[in-house]
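Descriptive structure summary
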Amino acid sequence: MKTKEIAIVGFAVILAGLLGYLWMSPSGAQLAPDVTIETLDGKPVSLTDLRGRPVLVTFWATTCPSCVKEIPHLAELHQELGPAGLAVLGVAMAYDPPEQVRELVERRSLPYTIGRDNDGRVAQAFGNVSVTPTSFLIDPEGRIVQKKLGSLDIPALKARIRGMLTAG
């Protein structure tokens, strides 16, 4: 083998190993941003304060049919796994009129925490979220372990969260 070929093969092996490590290692996951979200009743919820438990952050809008369709599933998830430690946090997009958000939350009697991204900084902190629904599963160590654009696979999500709850 020529020196150039050896260097290429060596580089490919190192790159494959690094990618494999990052893929399999939870420490390769990105830390969730340190943001505070104001709930509809004016209370601040800090993601840092929720460390030690799994957190599902879902960006939604009242005008998003998929988001509204997902609400009962998120409510069920909250009711089933919330007592064991899961925090579900719905974040209404900045463009959603506050009175419209409040009306939907009251009409649907949402049991999980709802905040509104008043100035867009929360969506920006999560990588400029613009599509709804977009959800992030954060593990108890504060790492984003799943990002999902569109509707969630609730059974798979429940299984993953249960694994986090029993591991801790």
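In total, this model carries one disulfide according to the counting rule given. Cys 64 shares a disulfide with Cys 67; S-S distance 2.4 Å. Linking Cys 64 and Cys 67, the disulfide has an S-S dihedral of approximately 80° and is accordingly described as right-handed. The two residues Cys 64 and Cys 67 agree in class, both being buried.

Another point: the confidence of the model for the chain. Of all residues in the chain, 83% have pLDDT values of 70 or greater, and the mean over the chain is 88. Low pLDDT, under 50, characterises residues 9-27; the predicted model gives this stretch four contacts beyond four residues in sequence or across chains.

Here we come to unusual backbone geometry. Of note, the amide linkage connecting Thr 132 to Pro 133 takes the cis form, showing an omega dihedral of -5°. Along the chain, Pro 133 turns up in the loop between helix H4 (121-125) and strand S7 (134-138). Even without being a glycine, Ser 109 presents a positive backbone phi close to 50°. Tracing the backbone shows Ser 109 in the loop between helix H3 (98-108) and strand S6 (113-116). Overall, the relative accessible area of 56% leaves Ser 109 in the exposed class. Positive phi, normally seen in glycine, also occurs at Asn 128, with a value near 60°. Relative to the helices and strands, Asn 128 is located in the loop between H4 and S7. With relative accessibility at 54%, the residue Asn 128 sits in the exposed group.

Along a regular strand, successive side chains alternate from one face of the sheet to the other. Relative to S6, strand S5 (residues 87-92) runs parallel, the two sharing four bridges. Paired with Gly 90 across the bridge in S6 is Ile 114. Chirality of the crossover, the property in question, places the unit of S5, H3 and S6 among those that are right-handed.

Next up on the list: the sheet that holds S7. Within the open sheet, the six strands sit side by side as S1-S8-S7-S4-S5-S6. Their pairing is mixed. Here the strands that pair on one side only, and so sit at the sheet edges, are strand S1 (30-31) and S6. Two elements, S7 and strand S8 (residues 143-149), share five bridges in a ladder whose sense is antiparallel. Among the inter-strand pairings, Thr 134 is bridged to a residue of S8, identified as Leu 149. Contacts between helix H2 (residues 65-81) and the sheet are confined to strand S4 (55-60) and S5, with S4 contributing the most and set at about 165° to the helix. Set on the sheet, H3 makes contact with S4, S5 and S6; between it and S6 the angle comes to about 170°.

Time to look at the packing of aromatic side chains. Inspection of the entire model under this criterion finds three aromatic pairs. Measuring from centroid to centroid gives 5.5 Å for Phe 59 and Phe 126, while their planes differ by 70°, and the two rings are edge-to-face. Taken as a pair, Phe 59 in strand S4 and Phe 126 in the loop between H4 and S7 lie far apart in primary sequence, 67 residues in all. The exposure class of Phe 59 is buried, given its relative accessible area of 0%. Centroid distance Phe 59 to Phe 136: 6.1 Å. Interplanar angle 80°. Geometry classified as edge-to-face. Taken together, the positions of Phe 59 in strand S4 and Phe 136 in strand S7 put the pair 77 residues apart, joining distant regions of the chain. A connected cluster of aromatic rings, assembled from ring pairs, spans Phe 59, Phe 126 and Phe 136.

Scoring rules and cut-offs
Throughout this document, residue positions are counted from 1 along each chain, in the order its sequence is written. This being a predicted model, a pLDDT of at least 70 is required before a residue's local features are given, and a value of 80 or more before pairs of side-chain atoms are given or counted; all residues contribute to the totals for chains, interfaces and linings. For the side-chain quantities, the full set of heavy atoms in the structure was used; hydrogens and water were omitted. Cysteine sulfur atoms are paired as a disulfide whenever they fall within 2.5 Å. Exposure categories follow from relative accessible area, calculated using a 1.4 Å probe and restricted to protein chains: below 20% of the type maximum is buried, above 50% is exposed, and the middle band is partly exposed. On a range of 0 to 100, pLDDT expresses the predictor's confidence in each residue. Contacts between residues were defined by any pair of non-hydrogen atoms, one from each residue, lying within 4.5 Å. Numbering goes from the N terminus for both helices and strands, where a helix is a DSSP run of H or I of at least four residues and a strand is a run of E of at least two. At least two bridges found by DSSP between two strands is the condition for calling them paired. A crossover counts as right-handed when, viewed with the strands pointing away from the observer, the path leading from the first strand over the helix to the second turns clockwise. An axis is simply a line fitted to the C-alpha atoms; with a helix, the fit covers only the stretch in contact. Between two such axes, the angle follows the N-to-C directions and lies from 0 to 180 degrees. Ring pairs are drawn from Phe, Tyr and Trp, using the six-membered ring of Trp, whenever the two centres fall within 6.5 Å, and their geometry is named by plane angle: stacked under 30 degrees, edge-to-face over 60, tilted for the rest.

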